[in-house]
Amino acid sequence: MVRLFLKTYCTAAMAAVFLCLPAAQAADVSFLPPVDLSASVLPPVIDAQAGFESLSALPGEARTMAGGRIIALDVDLANSPGFSAEVVDGHLQLRYRMAFNNIAEGWSWQPLADPQSEDYYRAKFLPLKSVLAERGEYDQADKIGETQRMKVTWRYDYFAAFDNLYDFYPRTVDDDSGFSVVLPAPAAGQDLPPVRMLAMLRLLDPVVAESTTFWKATHAQPTDFTLKKRYLVGQLVEVWFCDSASGQVLARLKARAAP
């Protein structure tokens, strides 16, 4: 009986060790390279999709270890209609408007907010990346007597989510409000520099969040469409505008208490 107990105990103990090994290995967050906020050139930038998937794969406690890490994320300016770069009064003005970049998720909504001093949606977003995935087809008779070929499409939208927007500028009711910098204008005959915008995000619990919306295929719209909104959650520390050709930092905005 004693031998049986010891054998059972040792087997269970070894199993527990092996079960803990994946968690210990998963706790490694070296896939998040350190960011030097004093650098004059582009830091290592995290791909939004790869970063989200790696963080999501971590066990809860290991994911918490990523909290406090600052990561650099590329803002998707091609899908940012509020971004503009134009010469105004002899200066180059870069402006990223944030008036409509509200996260309309339950965890962001403040239904009792006073609109005179607060936003209904506490959390804001910066778009990072969109990935479209075609997931096959099937036949369905949505209209009686008529079989159609239905497509299955998924889209993954990635965002930086933060709730400290007004650490960068005072809250105002203005469609032009947002991140803005003024730089020397290019010399006569020169083109505007190709601009890249980076969000320096300090990851905070829960680090990642996700929502799913599904639209069923119909006769008029023969596509099953699933939208996954995926958020890297944290506190916005700085916003950088860089020359995408040279990698040089053109301007940086730092978080501060807005008056």
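Procedures and definitions
Residues numbered from 1 in each chain as written. Predicted model: local features only at pLDDT ≥ 70, side-chain atom pairs only at ≥ 80, totals over all residues. Heavy atoms only, no water. Pairing = 2+ DSSP bridges. Helix = DSSP H or I, 4+ residues; strand = E, 2+ residues; numbered from the N terminus. Axes fitted to C-alpha atoms, helices over the stretch in contact; angles between N-to-C directions. Contact = heavy atoms within 4.5 Å. Phe/Tyr/Trp six-rings, centres within 6.5 Å; stacked < 30°, edge-to-face > 60°. Buried < 20%, exposed > 50% of the residue type's maximum accessible area, 1.4 Å probe, protein only. Lys NZ or Arg CZ within 6 Å of the ring centre and 35° of its normal. pLDDT = per-residue confidence, 0-100.

Draft legend 1. Up close: the sheet that holds strand 4 (residues 91-97). Strand order in this open sheet of three strands is 3-4-7, and the pairing throughout is antiparallel. At either margin of the open sheet sits one strand with a lone partner, and together these are strand 3 (83-88) and strand 7 (178-184). Within the sheet, the average angular offset between the axes of one strand and its neighbour, ignoring direction, is 15°. Strand direction decides the pairing type here: strand 4 and strand 7, joined by seven bridges, are antiparallel. Its bridge partner lying in strand 7, Q93 is registered against V182.

Draft legend 2. Expanded view of the pairing of strand 6 (residues 146-162). The pairing of strand 5 (residues 124-143) with strand 6 spans 15 bridges and is classified as antiparallel. Of the residues in strand 6, the one forming a bridge with E137 is K151. What sits between strand 5 and strand 6 in their antiparallel hairpin is a turn of two residues, with G145 showing a positive phi close to 80°. Note that strand 6 and strand 9 (residues 223-243) share 11 bridges and pair parallel. Bridging across to strand 9, R155 finds its partner in L227.

Draft legend 3. Structural view of the environment of T223. By the element assignment, T223 lies in strand 9. In contact with T223, not counting residues within four places along its chain, are K151, T153, W215, K216 and A217.

Draft legend 4. Inspection of the packing of aromatic side chains at higher detail. Inspection of every chain in the model, using the stated rule, returns 10 aromatic pairs. Considering the side-chain rings of W107 and Y231, the 5.5 Å spacing of their centres and the 85° angle between planes classify their relative orientation as edge-to-face. With W107 in the loop between strand 4 and strand 5 and Y231 in strand 9, the pair connects residues that are 124 residues apart, well separated along the chain. A ring pair is formed by W154 and Y156, whose centres lie 6.1 Å apart and whose planes are at 40°; its orientation type is tilted. Residue W154 is classed as partly exposed on the basis of its relative accessible area of 21%. Taken together, the aromatic side chains of W107, F125, F159 and Y231 make up a single cluster linked through ring pairs. The cationic tip of R135 hangs over the ring face of W154; the distance from NZ or CZ to the ring centre is 3.9 Å. Directly above the aromatic system of W240 lies the positively charged group of R252, at a separation of 4.4 Å from the ring centroid.

Draft legend 5. Quick peek at the confidence of the model for the protein chain. Per-residue pLDDT for the protein chain averages 87, and the proportion of residues at 70 or more is 88%. In this model residues 1-26 is a low-confidence stretch, pLDDT under 50, and it forms four contacts with partners more than four residues away in sequence or in other chains.

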